[in-house]
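Architecture at a glance
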Amino acid sequence: PTSGVLAVAKDPETYTALTDMFRERYMDKTYRAIVRGVPPPKTRVQAPIGREPGLRKIVVTPLGKPSETAFRVVTKKKGAALVEAKPLTGRTHQIRAHLAHIGHPVMGDPEFDRKGVPAAPRLMLHAYRLAFEHPFTGRPASFAAEPPKDFFAFWRTLK
């Protein structure tokens, strides 16, 4: 599973407001991922994603819904990169599908990462930051979570 920031509502009204904000794309979400290979320094992927008939996993497909993700390489090593991902739409598994589509799957992804070396201990995707205006006060709210120890430990094992 993805580690990191998680928004939780305390009551049904807040839940509805937050859900609407996610759907209307009023949330600024930032993720960190360790990927295979090194993508271009800045990449924007606009590719429809969804399920192909008869398949369970989410993939880039002309039958999918429009989706867009911006990626930026934070740092790199030989054969791997730490990237920042900003989903500009809110599709399920969007970041994973877009990175796989451009040939740089998230390490440890059970759907897209080839069983290569080194093998990641888990999906190396982390919800790093979530920012939005509070649905009732209008005040800016921002939450961040540093990646967990296993994320950094795996990064350090890469050459």
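Below: a short report on this structure. From a predicted model like this one, the values you see are computed outputs, not experimental measurements.

**Brief notes about the overall build of the protein chain**
Counting secondary structure elements, the protein chain contains 3 helices and 9 strands. The secondary structure elements of the protein chain, listed N-terminal to C-terminal, are β-α-β-β-β-β-β-β-α-β-β-α. C-alpha extents for the protein chain along the principal axes are approximately 50 × 40 × 25 Å. Within the protein chain, counting contacts between residues at least 6 apart in sequence, those at least 24 apart form 64% of the total.

**What to know about the packing of aromatic side chains**
Considering all chains together, one arrives at 2 aromatic pairs under this definition. Aromatic pair Phe132 and Phe143: ring centres 6.1 Å apart, planes at 35 degrees, arrangement tilted. With Phe132 in strand E8 (residues 125-133) and Phe143 in strand E9 (residues 140-144), this pair connects stretches of sequence that are 11 residues apart. Exposure remark for Phe132: the relative accessible area of 11% places this residue in the buried category. Exposure remark for Phe143: the relative accessible area of 44% places this residue in the partly exposed category.

**Points about helix H1 (residues 12-23)**
Spanning 12 residues, H1 covers 16 Å between terminal C-alpha atoms, matching the ideal 16 Å at 1.5 Å per step. Each element contacted by the buried residues of H1 is listed here: E8. The residue sitting at the N-terminus of H1 and contributing the capping side-chain oxygen is Asp11; that oxygen lies 3.2 Å from the backbone nitrogen of Glu13. At the exit of H1 stands Arg25, carrying a positive phi of roughly 65 degrees.

**As for unusual backbone geometry**
Unusually for a residue other than glycine, Arg25 sits at a positive phi of about 65 degrees. Inspection of the secondary structure puts Arg25 in the loop between H1 and strand E2 (28-36).

**Details of the side chain of Glu68**
With respect to the helices and strands, Glu68 occurs in strand E6 (residues 68-77). Its relative accessible area of 17% is what places Glu68 among the buried residues. Only 2.5 Å separates the side chain of Glu68 from the side chain of Arg44, close enough to count as a polar contact. When neighbours within four sequence positions are excluded, Glu68 is seen to be in contact with Arg44, Val45, Gln46, Lys86, Pro87, Leu88, Thr89, Gln94 and His98.

**Points about the layout of surface pockets**
Considering only enclosed or pocket space, the largest pocket measures out at about 700 Å³ in volume. Lining the largest pocket are 28 residues, and of these Phe22, Lys29, Tyr31, Pro87 and Arg91 sit closest to its centre. Elements with a contribution of two residues or more to the lining of the largest pocket: strand E1 (3-4), H1, E2, helix H2 (94-101) and E8. For the lining of the largest pocket, the leading source of residues is E8, giving 4 residues. In terms of residue class, the lining of the largest pocket is built from 13 nonpolar, 9 polar and 6 charged. Sorting the residues of the lining of the second largest pocket by element identifies H1, E8 and E9 as the ones contributing at least two each. Counted by class, the lining of the second largest pocket contains 11 nonpolar, 2 polar and 1 charged residues.

Criteria and cut-off values
- Residues numbered from 1 in each chain as written.
- Predicted model: local features only at pLDDT ≥ 70, side-chain atom pairs only at ≥ 80, totals over all residues.
- Heavy atoms only, no water.
- Helix = DSSP H or I, 4+ residues; strand = E, 2+ residues; numbered from the N terminus.
- Contact = heavy atoms within 4.5 Å.
- Phe/Tyr/Trp six-rings, centres within 6.5 Å; stacked < 30°, edge-to-face > 60°.
- Buried < 20%, exposed > 50% of the residue type's maximum accessible area, 1.4 Å probe, protein only.
- Expected span 1.5 Å × (residues − 1).
- Polar contact = N/O pair within 3.5 Å; in protein donor to acceptor, adjacent residues only side chain to side chain.
- 1 Å grid on protein atoms, 1.4 Å probe; cavity = no way out; pocket = protein on both sides within 12 Å on 5 of 7 lines; lining within 4 Å.
- Points joined across faces, edges and corners; volume = space filled by probe spheres on them.
- Nonpolar A, V, L, I, M, F, W, Y, C, P; charged D, E, K, R; others polar.

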